[in-house]
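# Geometric and topological summary
These are the residues of each chain, in order.
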Amino acid sequence: MIPGPAYRIETARISLRCLEPRHLTLVARAVEESLAHLRPWMAWARHEPASEEHRLERLRTNRGHFDLGSDFTYGLFDREGTTLFGIAALKLGQIVDERELGYWLHPAHTRQGLMHEAGLALLRVGFELEPLDGIDLRVDPDNVRSAQVAVRLGFEGPVIDPLSAPGVDGDKRDTHVYSLSRVAYAGGPAPHAPIEAYDVLERRIF
């Protein structure tokens, strides 16, 4: 098998692609159209809409982290790459050999099972391309829909991490942490997810 990371992952409905500067226009539009939906849950949304220069800098940073193997940030596109459904990432965790799954979706593309589909794909590439012990998913205690995504993906929990996340009002808030170990992953639905994954040279990984 060709080693990762996977720069492009194809599922039945989604093309997960390494997010980079050429996606600037699509990202800006999706973020700006999603602000009312994101602000109750995402502290960073308080600082949106960002300037084009600032957004471009972040996209360049995302690509740099991807190439260096630290944080893997993906745009969730339609199969043609013309519509951005949202963004998801596998970030380095607080503990060695763990990652954290994070994501958001444009409100026009929620309640369609897209995040479940993308989540299965990211769990598979995470556990099969790296020697991870586990992947965490951190959820605001009031974000019921994200908690449901975690449970459907096979995560266990939640465990409360008190006052660990910045709230949208600037205060610290508790976080619900859902966890998926390598053993639990092997017995869950993700290993059987029908996906294709490609490296930076577009060589098929699996």
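One can find the structure itself at the top, above this paragraph.
How each quantity is defined
- Residues numbered from 1 in each chain as written.
- Predicted model: local features only at pLDDT ≥ 70, side-chain atom pairs only at ≥ 80, totals over all residues.
- Heavy atoms only, no water.
- Helix = DSSP H or I, 4+ residues; strand = E, 2+ residues; numbered from the N terminus.
- Rg over C-alpha atoms; globule rule 2.2 N^0.38 Å.
- Buried < 20%, exposed > 50% of the residue type's maximum accessible area, 1.4 Å probe, protein only.
- Lys, Arg positive; Asp, Glu negative; His and termini not counted.
- Charge placed at Lys NZ, Arg CZ, Asp CG, Glu CD.
- Pairing = 2+ DSSP bridges.
- Axes fitted to C-alpha atoms, helices over the stretch in contact; angles between N-to-C directions.
- Contact = heavy atoms within 4.5 Å.
- Arc of directions from axis to C-beta.
- Salt bridge = Lys/Arg side-chain N within 4 Å of Asp/Glu carboxyl O.
- Core = buried A, V, L, I, M, F, W, Y, C linked by side-chain atoms within 4.5 Å.

The subject of this paragraph is the overall build of the protein chain. For the protein chain, the count of helices and strands is 5 helices and 9 strands. Mapped in sequence order, the helices and strands of the protein chain form the string β-β-α-α-β-β-β-α-β-α-β-β-α-β. Against the 2.2 N^0.38 benchmark of 17 Å for 206 residues, the protein chain shows a C-alpha radius of gyration of 16 Å, consistent with a compact globule. Structurally, the protein chain occupies a C-alpha span of about 45 × 40 × 30 Å along its principal axes. Put simply, the protein chain has 206 residues, and 48% of those count as buried. Between the mean site of the 24 positive side-chain charges and the mean site of the 30 negative ones, the protein chain shows a separation of 4 Å.

What follows deals with the sheet that holds strand S1 (residues 8-10). The mixed open sheet is built from 9 strands, whose spatial order is S7-S8-S6-S5-S4-S3-S2-S1-S9. Where the open sheet ends on each side, the last strands, each with one partner, are strand S7 (156-166) and strand S9 (196-198). Geometrically, the sheet is characterised by an average inter-axis angle of 25 degrees between neighbouring strands, direction not taken into account. Strand direction decides the pairing type here: strand S3 (residues 72-77) and strand S4 (residues 84-92), joined by 6 bridges, are antiparallel. Its bridge partner being in S4, phenylalanine 77 is matched across the sheet by leucine 84. Its contacts with the sheet put helix H3 (residues 114-129) on S1, strand S2 (15-18), S3, S4, strand S5 (98-105), strand S6 (134-139), strand S8 (172-181) and S9, and the angle it makes with S4 is roughly 30 degrees.

With 0 of 11 residues buried, S7 is to be regarded as a mostly surface element. Bridge count for S7 against S8 is 6 bridges, and the pairing is antiparallel. Pairing of isoleucine 160 across the sheet is with histidine 176, part of S8.

What follows is about helix H4 (residues 144-152). Taken residue by residue, H4 has Ser146, Ala147, Val149 and Ala150 as its buried positions. Down the axis of H4, the sector holding all buried residues measures 155 degrees, keeping them to one side. Turned more than 90 degrees away from the buried face of H4, the exposed residues are Val144, Val151 and Arg152.

In total, this model carries 17 salt bridges according to the counting rule given. One salt bridge in this structure joins glutamate 20 and arginine 63, with 3.2 Å as the shortest N-O distance. Linking glutamate 20 in the loop between S2 and helix H1 (24-38) with arginine 63 in helix H2 (residues 52-68), this pair joins segments that are 43 residues apart in sequence. Aspartate 199 is the partner of arginine 203 in a salt bridge, and the nearest nitrogen-oxygen pair spans 2.7 Å. A relative accessible area of 42% places arginine 203 in the partly exposed class. A relative accessible area of 3% places aspartate 199 in the buried class. The structure contains a network of salt bridges with shared partners spanning Arg8, Glu10, Arg79 and Glu202.

With 43 residues, the main nonpolar core has Ile9, Leu16, Leu76, Leu122, Val125 and Phe155 as its most contacted residues. No other element matches H3, which puts 9 residues into this core. Leu19, Ala30, Leu38 and Ala45 belong to the second largest nonpolar core, which has 14 residues in total.

So, on to the side chain of histidine 23. Locating histidine 23 in the fold gives a position in the loop between S2 and H1. Residues in contact with histidine 23, not counting those within four places in the same chain, are Cys18, Leu59 and Phe77.

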